[in-house]
Amino acid sequence: MTRIGGPSLPQERRLTTELPGPRSRELLGRREAAVARGVSSTLPVFVTAAGGGVVVDADGNSLIDLGSGIAVVSVGNSAEAVVRNVSEQVEAFTHTCFMVTPYESYVAVCEELAALTPGDHPKKSALFNSGAEAVENAVKIARAHSGRQAVVVFDHGYHGRTNLTMAMTAKNMPYKHGFGPFAGEVYRVPLSYPFREPVPMTGEAAAARATDLIDKQVGADNVACVVIEPIQGEGGFIEPAPGFLPALARYCRDNGIVFVADEIQTGLCRTGDWFACDHEGVVPDLVATAKGIAGGLPLSAVTGRAEIMDSVHVGGLGGTYGGNPVACAAALGAFTTMRELDLVGRARRIGDTMLTRLRSLQVGVPAIGDVRGRGAMVAVEIVVPGTTEPDPTTTARVAAACRAEGVLVLTAGTYGNVLRFLPPLVIPDHLLTEALDVLEKSFATV
Ligand SMILES: Cc1ncc(COP(=O)(O)O)c(C=O)c1O
């Protein structure tokens, strides 16, 4: 059984059994008896190693990874610098709690985030464990700074599964159903969703539609923060029309509202920039990061204007594990890898390859209503041919056909009709091409 992963793993698609194979099926039996039903798995093969662009399972199958564990292992699984830093850290110490006795790597991660996030103003950070926790803390900080309570979020938005972030998340099933009551003072306004606008609308007009609602239904003076994913992730990789984000950021600035970019899925090279906000030169007041930050270890952050971050009283932020030293060591290894391998450039090249290929596929496949994406965050939206009616059934079939052939793809979207692609940024070209061949064949067979 392959147990050593990382970049030296053979970069090949190899199917030795049906999926899941006998060993995975055995483990599945144990899983069903011991693991709660609410925790689901996209493809129930049990992993023994992963690296570069592949995931290897307990039966020796080697799958092409187009999901990166939901946008996490951008630097690849078990990237060399991550493994080295983590190993050294684990041998030195595993935990002190930064709130009890600090250590250098936490500070170094905050320095890196200050340098990398948009804007050259003085910045500070606080570290946490998960994306949801970062979003929750961004709201706490914005409320403490502004003395206001209302939080504005968008249609199709996803911000996590804790009580406040469930309230901020749009989609009921599976994220919210039966889990209320939700946190109050959360208001949802329309996004710019070019593929689904009833009439074509500029980004500025879509922003005016949203801000008009805020003015009329909430009152700008009551709003602590506007929280937005610059490209929506779980909502279906929705990229707002150009001008939408800058107009929103301007509205926030003019009204003393903290503009929070949830870059948990888009941040740290994924979209072919360090951050998705960089694309239009938007400078958020606060940025939430997680996922790709630490090569697979749990770490998240809120980074932002020093005066906003410091408006919270001493002791008001933190948590036992936030900024754990092993996770911080991993993050420093991940930052090194991103720079050394120019993963911003690599994400752009992945985007060029995928978008070119998918757009030519769209010409012959009428079920592909839209192809969109930036960098290595690419999606196709599947519809009933000739309409914009979402077709989640075909989407699920194509995804299942890809997985059966050893290509791990994910779906997304409010209507469940988006195939989304988030390959590790270190995936070799030949695997990317092979995965696209499998996808093309899957569209032909379903
Ligand atoms: C944009 C965005 N925000 C927040 C989250 C929540 O992150 P976590 O699952 O680490 O709590 C996610 C996770 O998918 C996300 O994509």
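Everything below is about the structure shown above.
A few points on the structure. (Residues numbered from 1 in each chain as written. Predicted model: local features only at pLDDT ≥ 70, side-chain atom pairs only at ≥ 80, totals over all residues. Heavy atoms only, no water.)

**Focus on the overall build of the chain**
Each helix and strand counted, the chain has 13 helices and 15 strands in total. Dimensions along the principal axes, computed over C-alpha positions, put the chain at roughly 60 × 60 × 45 Å. In the chain, which comprises 446 residues, the share counted as buried stands at 56%. For the chain, long-range pairs separated by at least 24 residues make up 74% of all intrachain contacts whose partners lie at least 6 apart in sequence. Carbon and sulfur atoms make up 53% of the accessible area of the chain, which amounts to about 18200 Å² in all. A gap of 4 Å separates the mean positions of the 38 positive and 47 negative side-chain charges of the chain. (Helix = DSSP H or I, 4+ residues; strand = E, 2+ residues; numbered from the N terminus. Buried < 20%, exposed > 50% of the residue type's maximum accessible area, 1.4 Å probe, protein only. Contact = heavy atoms within 4.5 Å. Areas by Shrake-Rupley, 256 points an atom, 1.4 Å probe, with all protein chains shown as cover. Lys, Arg positive; Asp, Glu negative; His and termini not counted. Charge placed at Lys NZ, Arg CZ, Asp CG, Glu CD.)

**Considerations on the sheet that holds strand β11 (residues 368-374)**
Taking strand neighbours across the sheet as the criterion, the four strands line up as β11-β12-β15-β14 in an open arrangement whose pairing is antiparallel. Every other strand in the sheet has two partners, leaving β11 and β14 (410-412) as the edge strands with one partner each. Each adjacent strand pair in this sheet contributes to an overall mean axis angle of 25°, direction not counted. Note: β11 against strand β12 (residues 377-382), six bridges, orientation antiparallel. Pairing of Asp 370 across the sheet is with Glu 381, part of β12. Here helix α13 (residues 429-445) sits on the sheet and contacts β11, β12 and β15 (418-421); the angle it forms with β15, its principal contact strand, is near 170°. (Pairing = 2+ DSSP bridges. Axes fitted to C-alpha atoms, helices over the stretch in contact; angles between N-to-C directions.)

**Examining helix α7 (residues 203-218)**
Taking 1.5 Å per residue, 16 residues should reach 22 Å; α7 reaches 22 Å between its end C-alpha atoms and fits that length. Buried residues of α7: Gly 203, Ala 206, Ala 207, Ala 210, Thr 211, Ile 214 and Val 218, and no others. Taken end-on, α7 shows its buried residues confined to a sector of 130°, consistent with a single buried face. On its buried side, α7 packs onto β5 (150-154), β6 (186-189), β7 (223-228) and α8 (244-254). Among the residues trailing α7, Gly 219 stands out with phi positive, at a value near 90°. (Expected span 1.5 Å × (residues − 1). Arc of directions from axis to C-beta.)

**Some points on the packing of helix α12 (residues 392-404) against α13**
Angle between the axes and distance between the axes are the two parameters that describe a pair of packed helices. The contact between α12 and α13 brings their axes to 9 Å, and the two run at 130°. Taken together, α12 and α13 sit at an angle that is classed as oblique. Seen along the crossing, α12 lies across α13 with a hand that is right-handed. On the side of α12, the interface is formed by Val 398, Ala 401 and Cys 402, while α13 contributes Val 438, Leu 439, Ser 442 and Phe 443. (Parallel < 35°, antiparallel > 145°, perpendicular 65-115°, else oblique. Left-handed = near helix turned anticlockwise from the far one by under 90°.)

**Brief notes about the nonpolar core**
Among the nonpolar cores identified, the biggest contains 65 residues, and Leu 358, Leu 419, Phe 421 and Phe 443 are the most heavily contacted of them. With 30 residues, the next largest nonpolar core counts Val 152, Ala 207, Ile 228 and Leu 248 among its residues. (Core = buried A, V, L, I, M, F, W, Y, C linked by side-chain atoms within 4.5 Å.)

**Focus on the pattern of salt bridges**
If you walk through the whole model with that rule in mind, you get 20 salt bridges. For Glu 234, the salt bridge goes to Arg 420, with nearest N and O atoms at 2.9 Å. Taken as a pair, Glu 234 in the loop between β7 and α8 and Arg 420 in strand β15 lie far apart in primary sequence, 186 residues in all. Arg 420 matches Glu 234 in its accessibility class, with the two residues each being buried. Overlapping salt bridges, with partners in common, bring together Arg 13, Glu 405, Glu 434 and Lys 441 in one network. (Salt bridge = Lys/Arg side-chain N within 4 Å of Asp/Glu carboxyl O.)

**Details of the environment of Thr 271**
Looking at where Thr 271 falls in the secondary structure, it is placed in the loop between β8 (258-262) and β9 (286-289). Judged by relative accessible area, Thr 271 falls into the buried class, the value being 2%. As for Thr 271 and Asp 155, which are separated by 116 residues in sequence, their C-alpha atoms are 21 Å apart. Not counting residues up to four positions away in its chain, the partners in contact with Thr 271 are Ile 231, Thr 266, Ala 276, Arg 374, Gly 375 and Met 377.

**Overview of the site of the ligand**
Surrounding the ligand, one finds Ser 130, Gly 131, Ala 132, Tyr 158, His 159, Gly 160, Glu 229, Glu 234, Asp 262, Ile 264, Gln 265 and Lys 291. Here Gly 131 contributes a backbone N or O atom positioned 2.8 Å from an oxygen atom of the ligand. Within the side chain of Gln 265, an N or O atom sits 2.8 Å from an oxygen atom of the ligand. Across the shell around the ligand, the residue classes tally to three nonpolar, five polar and four charged. (Near = heavy atom within 4 Å. Polar contact = N/O pair within 3.5 Å; in protein donor to acceptor, adjacent residues only side chain to side chain. Nonpolar A, V, L, I, M, F, W, Y, C, P; charged D, E, K, R; others polar.)

Purely geometric stuff here, so don't read any function into it on its own.
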